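As a plain string of letters, each chain reads:
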Amino acid sequence: MTQSPRVLSYLDALNEALALEMAADPSVVVFGEDNVGGHGCDGTMGHAWGPTRGLHNQFPKQIFDAPITEAAFVGAAVGAAATGLRPVADLLFVDFAGVCFDQILNQAAKLRYMVGGKAKVPMVLRAMWGTGMRRGAQHSQALYSLFTHIPGLKVVAPSNPVDAKGLLASAIQDDDPVIFFEHKLLYFGSRGVVPEERYTIPIGEAKVVREGGDVTIVAVGRMVNEALGAAEKLAAEGIQAEVIDPRTLSPFDFDTVYASVEKTSRLVVVDESSPRCSIATDIAGTVAENRFASLSAAVRTVTGPHAPVPFSPVLEDAFAPNADKIVDAVRSTLPSSVISKAS
Amino acid sequence: MATESAGPLGREELIEAYRVMRTIRAFEERVHTEFGTGELPGAVHLYAGQEAVAAGVCGALTEGDYIASTHRGHGHAIAKGCDINAMMRELYGKAGGSCNGKGGSMHIADFERGMLGANGVAAGGAPLACGSALTAKVLERPHVSVAFVGDGAANQGSFAESLNLATVWQLPVVFVVEDNGYAQATGTRYHLRGLDVARRAEAYGMPAVVVDGTDYFAVRAAADEAVKRARDGGGPSLIECQAGRFFGHMEGFDQQGYRGEGEVERLRADADCLVRFAAASALSTEQLAEVDVTVDAAVEVAVADAKAAPVPELSELLTDVYVSY
Ligand SMILES: Cc1ncc(C[n+]2csc(CCOP(=O)(O)OP(=O)(O)O)c2C)c(N)n1
Ligand SMILES: [Mg+2]
């Protein structure tokens, strides 16, 4: 009996992970604004539009709505995690971390260390990120570098439905606080075959999504697809790019990147955030420090500019990296003989 | 307290109040239609149904007074005198928009008119209004600041802290809470328990009232009183206004499955602030019709102008990040 492989959107893959983890473990609780939706209204309950849609029917005791009180409910996730629950709190847009940053920075991240290992904080904070939806400066940021900077937090940013499901399961089962980044353009824009059963993808393992010997491109989140697009263009010119999706930003799988750079001797890092103190400069700097001898060209980064995300579609499109900008960066790492041979 | 009567307002003021509300309505209905064509980008939250709040509150203000608005900010901006051509261009992300296309619906601002900006963060404007009130107080200027905040946003910590700060510093600020029944899909009845926001404000030590937000005259009377108090050095006040929204939370996103059967139709039929105003204001049908015609033409012009306007220069991406760097 053969079944045609099942295709899910990124959003539905996350929904399935939440459902499977709640079913497997009654201590998993899910909450945020409109995670059920429709509470206190005359209409039908259950108006969540995001990854929690419909889950309240199956898990009425494990999923609930929060008022617009991020400082309180993210902090409550920390307290609940430290005392026996596995909360999955929903920040909606990661930009709203601004109103509850203390709970993340000083409570979630540091509790275990400060009490000498007497507590653990097995919580997940889900957060939407990224450009492309014309949401303007306060709803489009790529803030994972801020969280990666903070010891005590784990940071995950899947680029496709299979990884999204497996990594969310791992994040929920993990005993440390995990900030889980969901790119808003991937929710409906990324679809793929996703196994129906419960499975995990380990936190801290990068994936080589395309093999190649000439240059290594490390790209985060939605940028993985742009990097693959760039790799196709480069292949047409005879340049073989290896594309790596780190999937997890903290901890970071440098070994996979090192192995690739030892092979290709060139590195381009693609990151949708602003350039300063970014994941791009972190990866570039760490590789330069530890694999200097393997490199035959300066490491290049392709990032957004040092500016907030603009609203106007033409400006927003100019903000984010894309395949063409990645191709240009790759070319700049190659000796002119290779480029002239190709063109 | 406030009653539904034209009270002390003269004919010119009544016509102006109607013009403001009618402009907001026409603007929002038109934006709804345009959004439906797929041409308008972004996150757009419409204010239709709540016009009497913006108009009544801003009617009590002078040009030098400040307002800090919300994500649902078009009505506040129009009532504070912002140019609808610039606003429409902003919605389309065009050059010459209120923010030159960089902000969009959620960040429309006009500092010349005392409009400190819509805001993408719930209750983000409340502390800002405390700040503009502090400026007025320190520099001994006669200006009052208003913070508009939704029912959902009234649960934010920054809002509670703002109420407290405003009383401690005795700031010339008026908090206007707009209870439209919902925060996204979550009903006020669920997310805001216990005493209403007005009672919360009283607990912080400021006078507070609850008014029918579809009654322009009730809102205006409450605003006149609160603004006078602030201007006279009497410190902060809070006005809680109840008025339902006619559209979904956000354009293109909200199927409104959480709303009761016929709820929106009932609101439009029984709680339309424009209809109530027309009935109570003693303006003639001709006077109202004259405003209708002018307003509809102005909105038409704004849409045509915005569609024809050029997009911003790409160099705009990197300007305005700092004053100097
Ligand atoms: C701090 C923060 N959390 C969440 C959101 C997402 N959000 C945008 S509007 C909204 C509901 C706001 O409800 P309310 O304050 O009642 O204003 P209304 O939309 O009804 O005008 C929410 C939750 C936000 N913008 N800011
Ligand atoms: Mg509301």
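All chains use their own residue numbering, which begins from 1 and follows the written sequence. Each chain takes a letter, starting from A, and each ligand takes a number, starting from 1, following the order in which they are written. Given that the model is predicted, a residue must reach a pLDDT of at least 70 before its local features are reported, and side-chain atom pairs must reach 80 or more before they are shown or counted; all residues, however, enter totals for whole chains, interfaces and linings. Excluded from the side-chain calculation are hydrogens and water; included are all heavy atoms of the structure.

Caption draft 1: Seen up close, the coordination of the magnesium ion (ligand 2). Residues and elements named next belong to chain B. Only nitrogen, oxygen and sulfur atoms qualify as donors, and only when within 2.8 Å of the metal (3.2 Å in the case of Na, K and Ca); with water excluded, sites may look incomplete. Distances from the magnesium ion (ligand 2) to its protein donors, Asp151 (OD), Asn180 (OD1) and Tyr182 (O), fall at 2.1 Å. Expressed as a motif, the donor residue spacing for the magnesium ion (ligand 2) is D-x28-N-x1-Y. One end of the pair, aspartate 151, is in the loop between strand 2 (145–150) and helix 6 (157–168); the other, asparagine 180, is in the loop between strand 3 (173–179) and strand 4 (182–183), with 29 residues separating them in the sequence. Accessibility assignment for this pair places aspartate 151 and asparagine 180 in one class, buried. Runs of E in the DSSP output that reach at least two residues are strands. Runs of H or I that reach at least four are helices, and both are numbered from the N terminus. Accessible area is worked out with a 1.4 Å probe on protein chains only. A residue is then buried under 20% of its type maximum, exposed over 50%, and partly exposed in between.

Caption draft 2: Spatial organisation of helix 7 (residues 161–173) of chain A. Residue and element names in this part refer to chain A. Here helix 7 is 13 residues long and its end C-alpha atoms lie 18 Å apart, about the 18 Å a rise of 1.5 Å per residue gives. The element helix 7 is extensively covered by neighbouring structure, given that eleven of its 13 residues are classed as buried. For helix 7, the set of buried residues is Pro161, Asp163, Ala164, Lys165, Gly166, Leu167, Leu168, Ala169, Ser170, Ala171 and Ile172. At the N-terminal boundary of helix 7, the capping side chain belongs to asparagine 160, with an oxygen 3.2 Å from the backbone nitrogen of valine 162. A helix is expected to reach a length of 1.5 Å times the quantity of its residues less one. Counting of polar contacts relies on pairs of N or O atoms within 3.5 Å, with two restrictions inside protein: one atom must be capable of donating a hydrogen and the other of accepting it, and residues adjacent in sequence are counted only when both atoms are side-chain atoms.

Caption draft 3: Broad picture of the site of ligand 1. Residues are classed as near a molecule or strand on a simple rule: at least one heavy atom within 4 Å of it. Lining the immediate surroundings of ligand 1 are 21 residues, of which Glu70 of chain A together with His71, Arg72, Ala153 and Asn180 of chain B lie closest. Looking at the residues close to ligand 1, they fall on chains A and B. With respect to ligand 1, the backbone of glycine 120 of chain B contributes an N or O atom lying 2.8 Å from a nitrogen atom. Within the backbone of glycine 152 of chain B, a nitrogen or oxygen atom sits 2.8 Å from an oxygen atom of ligand 1. Residue-level accessible areas treat just the shown protein chains as cover; the underlying method is Shrake-Rupley with a 1.4 Å probe. In the complex, 96% of the free accessible area of ligand 1, which totals 580 Å², lies under the protein chains. Throughout, the ten residues Ala, Val, Leu, Ile, Met, Phe, Trp, Tyr, Cys and Pro are labelled nonpolar, Asp, Glu, Lys and Arg are labelled charged, and all others, Gly among them, are labelled polar. A class-by-class count of the residues in the shell around ligand 1 yields nine nonpolar, eight polar and four charged.

Caption draft 4: Expanded view of the interface of chain B and chain A. The partner chain A presents 38 residues to the 50 residues of chain B that form the contact. Only one rule defines a salt bridge in this text: a Lys or Arg side-chain nitrogen within 4 Å of an Asp or Glu carboxyl oxygen. Connecting chain B to chain A are one salt bridge. Between aspartate 42 of chain A and arginine 189 of chain B there is a salt bridge, with the nearest N and O atoms lying 3.2 Å from each other. Our count for the chain B to chain A interface comes out at 19 residue pairs in polar contact (both at pLDDT 80 or more). Sorting elements by how many residues they give to the side of chain B that touches chain A places helix 7 (residues 188–191) of chain B first, with three residues. Residue composition of the side of chain B that touches chain A, grouped by class: 23 nonpolar, 19 polar and eight charged. Any pair of residues with heavy atoms lying within 4.5 Å of one another is described as a contacting pair.

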